[in-house]
Amino acid sequence: TGAGLIVSFGEMLIDFVPTASGVSLAEAPGFLKAPGGAPANVAIAVSRLGGKAAFVGKLGDDEFGHMLAGILRENGVVDEGINFDKGARTALAFVTLRADGEREFMFYRNPSADMLLTPDELNLDLIRSAKVFHYGSISLIVEPCRTAHLKAMEVAKEAGLLLSYDPNLRLPLWPSPEEAREQIKSIWDKADLIKVSDVELEFLTGSNKIDDESAMSLWHPNLKLLLVTLGDLGCRYYTKNFHGEVEAFRVNTVDTTGAGDSFVGALLCKIVDDQSILEDEPRLRAVLKFANACGAITTTKKGAIPALPIESDALSLING
Ligand code: ADP
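If you're wondering where the values come from, they're calculated on a predicted model, not measured in any experiment.

Novice: Give me the sheet that holds strand E13 (residues 243-246): which residues, what numbers.
Specialist: With respect to topology, nine strands assemble into an open sheet ordered E5-E4-E1-E8-E9-E10-E11-E12-E13, the strand pairing being mixed. Taken across any chain shown, the strands that pair with only one partner, and hence form the sheet edges, are strand E5 (78-85) and E13. For this sheet, the mean angle separating the axes of adjacent strands, direction not counted, is 15°. Sheet topology note: the strand E9 (residues 162-165)/strand E10 (residues 193-197) ladder contains two bridges and is parallel. The residue of E10 that forms the bridge with tyrosine 165 is isoleucine 194. Here helix H1 (residues 38-48) sits on the sheet in contact with strand E1 (5-9), strand E4 (52-60) and strand E8 (132-135), set at roughly 150° to E4.

Dropping the structure here:
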């Protein structure tokens with residue numbers, strides 16, 4: 001199709017998920033491999049919905065790295081921005097929900113290939129050829145990928161792309177909450193579009209209120225759209241001229257992993273070729289309804305990538 005390209009920048013990794021639920025990592029009888037990483041999920045979400053997406057990042061030149069690149073290609077994601085590190089290995093995460101309800105994380109990142117992406121390795125022509133640049137997760141944490149991240153944003157901005165930011169706060173990975181807040185805020189005013197979850201809103205504002213006032217405290221003058229996702233309550237949107245809420249779909253939720261990425265991918269897909277939607281409330285509401293449907297569908301299956309919908313799935317949910 002002639003759809004404009006959406007570049008998604010950041011990490012891709014493998015989550016190892018215990019085959020039994022409610023156990024600690026040490027007690028897990030075995031693990032399933034679940035490919036993920038928010039930026040990669042977004043690229044695949046776009047592609048599955050019929051849009052054009054590229055992933056820009058770095059993988060290990062190992063079995064896992066090539067497996068992940070294969071998953072991107074199978075899903076139609078443009079691979080011209082993928083680098084392979086000769087030395088470091090692909091990032092791995094072990095994540096479990098223990099019986100006491102706490103999430104337990106363990107990471108292989110010391111350092112992993114994604115963190116070693118350098119500014120020189122960026123495919124700048126690919127970025128310049130796109131219409132939207134989406135980013136935000138753990139690539140701000142360490143060098144050299146932090147500098148690569150900032151450079152990619154700068155090039156995208158210069159080339160006139162729409163910058164889309166999802167902080168995807170994964171607090172256990174940051175040196176400290178203060179540093180997370182500081183780094184996230186340092187790139188805040190570069191974005192044209194920002195999506196935060198209710199949890200991130202609380203973290204960034206330091207307030208436990210999830211209301212219009214706290215959302216608006218995150219507003220910056222160049223922002224075109226601020227979104228707050230609310231899980232099974234849907235989402236809220238804020239623009240310079242209007243704001244409101246779009247309710248969620250009721251589905252049989254089994255695993256919410258990837259819902260936010262699916263939501264963002266759907267939104268970007270629908271606005272990439274017509275950004276005037278951001279200024280037109282009825283059309284924006286229709287797009288957010290579609291994004292809510294995609295997010296909801298993603299919660300009905302285990303894992304993120306296997307649960308990302310195609311367009312007809314979302315339309316079926318919307319049209320009952
Ligand atoms: P994040 O993954 O970033 O925390 P959310 O969990 O809020 O984001 O999910 C993003 C969107 O997916 C929500 O705005 C909503 O539309 C949809 N969604 C998430 N969880 C559910 C759920 N349990 N039921 C229905 N829709 C959901």
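On we go from here.
Novice: Summarise the nonpolar core; cite the residues concerned and give the values.
Specialist: Grouped together as the largest cluster of nonpolar side chains are 54 residues, with contacts concentrated most on Met12, Ile271 and Leu288. Contributing elements (two or more residues each) for this core: strand E2 (13-18), H1, E4, helix H2 (63-74), strand E11 (225-229), strand E12 (235-238), helix H8 (259-271) and helix H9 (281-298). Counting residues per element, this core draws most heavily on H9, at nine residues. Setting aside anything within four residues of it in sequence, one finds methionine 12 in contact with Gly36, Gly37, Ala40, Ile44, Phe55, Leu59, Leu68, Ile71, Leu72, Thr90 and Ile305. Judged by nonpolar contacts, the second largest core, of 47 residues, contains Ala54, Leu126, Tyr135 and Tyr165.

Novice: Please give an account of the sheet that holds strand E3 (residues 31-36) that cites residues and values.
Specialist: Taken in spatial order, the four strands line up as E3-E2-E6-E7 in an open sheet, and their pairing is mixed. A strand with exactly one partner marks an edge of an open sheet, and here the two such strands are E3 and strand E7 (103-108). When the angles between neighbouring strand axes are averaged without regard to direction, this sheet yields 25°. Alignment of strand E6 (residues 92-97) against E7, held across six bridges, turns out to be antiparallel. What sits directly across from valine 95, in E7, is phenylalanine 105. H2 rests against E2, E3 and E6 of the sheet, and its axis sits at about 100° to E2.

Novice: Account for the site of the ligand, with residues named and values stated.
Specialist: In the region of the ligand, 17 residues are neighbours, and Lys195, Gly231, Gly234, Gly260 and Asn292 sit closest. In the model, an oxygen atom of the ligand is placed 2.8 Å from a nitrogen or oxygen of the glycine 231 main chain. Between asparagine 292 and the ligand, the recorded distance is 2.7 Å, taken from a side-chain N or O atom to an oxygen atom. Relative to its unbound accessible area of 550 Å², the ligand is 84% covered by the protein chains. Contributions of two or more residues to the shell around the ligand are made by E10, H8 and H9. Grouping the amino acids of the shell around the ligand by side-chain chemistry returns six nonpolar, nine polar and two charged.

Analysis parameters
Residues numbered from 1 in each chain as written. Predicted model: local features only at pLDDT ≥ 70, side-chain atom pairs only at ≥ 80, totals over all residues. Heavy atoms only, no water. Pairing = 2+ DSSP bridges. Helix = DSSP H or I, 4+ residues; strand = E, 2+ residues; numbered from the N terminus. Axes fitted to C-alpha atoms, helices over the stretch in contact; angles between N-to-C directions. Contact = heavy atoms within 4.5 Å. Core = buried A, V, L, I, M, F, W, Y, C linked by side-chain atoms within 4.5 Å. Buried < 20%, exposed > 50% of the residue type's maximum accessible area, 1.4 Å probe, protein only. Near = heavy atom within 4 Å. Polar contact = N/O pair within 3.5 Å; in protein donor to acceptor, adjacent residues only side chain to side chain. Areas by Shrake-Rupley, 256 points an atom, 1.4 Å probe, with all protein chains shown as cover. Nonpolar A, V, L, I, M, F, W, Y, C, P; charged D, E, K, R; others polar.

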